[in-house]
Amino acid sequence: MIQAYLLVQTEVGRSSAVARAIADLDGVLSAEDVTGPYDVIAQIEAPTVDDLGRLVIARIQEVPHITRTTTCTVVHL
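Below you will find a few notes about this structure. Numbers given for residues are sequential positions, taken from 1 along each chain in its written order. Totals for whole chains, interfaces and linings use every residue, but because this is a predicted model, local features are given only for residues with pLDDT of at least 70 and side-chain atom pairs only at 80 or more, for both listing and counting. In computing side-chain properties, one takes all heavy atoms of the structure into account and sets aside hydrogens as well as water.

A few points about the sheet that holds strand β2 (residues 28-33)
Two strands are said to pair when DSSP picks up at least two bridges between them. For the purposes of this entry, the term helix denotes a DSSP run of H or I that reaches at least four residues, the term strand denotes a run of E that reaches at least two, and both are numbered from the N terminus. The strand order across the open sheet formed by four strands is β2-β3-β1-β4, and the pairing between neighbours is antiparallel. At either margin of the open sheet sits one strand with a lone partner, and together these are β2 and β4 (66-73). The average angle at which neighbouring strand axes cross in this sheet is 20 degrees, direction not considered. Bridge count between β2 and strand β3 (residues 40-46): five bridges; the pairing is antiparallel. Whenever a helix is involved, its axis is fitted only over the stretch in contact; in every case the axis is a line through C-alpha atoms, and angles between N-to-C directions fall within 0 to 180 degrees.

Put into structure tokens, the structure is as follows:
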């Protein structure tokens, strides 16, 4: 499985709702409200890099009130 951390920026006041909506999606291991430059950090996984991209683009970025995402893929060196 390919794992990544997804850093999410949301509209003001919407981070809790976005975190809950993301957490309900298949492939999302956790989604938490955080402080700092990002509003939500989610841990996600998929069988392939292409599937991970589809999860982010087709499912997560469709959640209302998300303004920007940054995907940080986990590497094992």
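Text resumes after the structure shown.
Considering helix α1 (residues 15-23)
Remark: exposure states derive from per-residue accessible area (1.4 Å probe, protein chains only) relative to the maximum for the residue type, with buried under 20%, exposed over 50%, and partly exposed in between. Within α1 the residues assigned to the buried category are V18, A19 and I22. Looking straight down α1, one finds its buried side chains confined to an arc of 100 degrees; they lie on one side. Working rule for contacts: check all heavy atoms of both residues, and any pair within 4.5 Å makes them a contact. In this structure, the buried side of α1 is in contact with β1 (2-10), β2, β3, α2 (49-60) and β4. Directions from the helix axis toward the C-beta atoms define the arc.

Observations concerning the nonpolar core
Of all hydrophobic cores here, the largest spans 19 residues; its most connected members are I22, V28, I44 and I60. Secondary-structure elements contributing two or more residues to this core are β1, α1, β2, β3 and α2. Sequence-distant contacts of I22, that is, excluding residues within four places in its chain, are made with V8, V28, A31, V40, A42, I60, V63 and I66. In this text, buried Ala, Val, Leu, Ile, Met, Phe, Trp, Tyr and Cys residues form a nonpolar core when linked through side-chain atoms within 4.5 Å.

Considerations on α2
The length a helix should cover is 1.5 Å for every residue beyond the first. Taking 1.5 Å of rise per residue, 12 residues should cover 16 Å, and α2 covers 15 Å from first to last C-alpha, within 8% of that figure. Listed in full, the buried residues belonging to α2 are L52, L55, V56 and I60. Along α2, the residues classed as buried sweep out an arc of 90 degrees about the axis, all on the same side. More than 90 degrees from the buried face of α2, the exposed residues found are D50, I57 and A58. Lining the buried residues of α2 we find β1, α1, β2, β3 and β4.

Side note on the environment of A23
Positionally, A23 belongs in helix α1. Its relative accessible area of 36% is what places A23 among the partly exposed residues. If we skip the residues at most four places from it in the chain, A23 touches V28 and A31.

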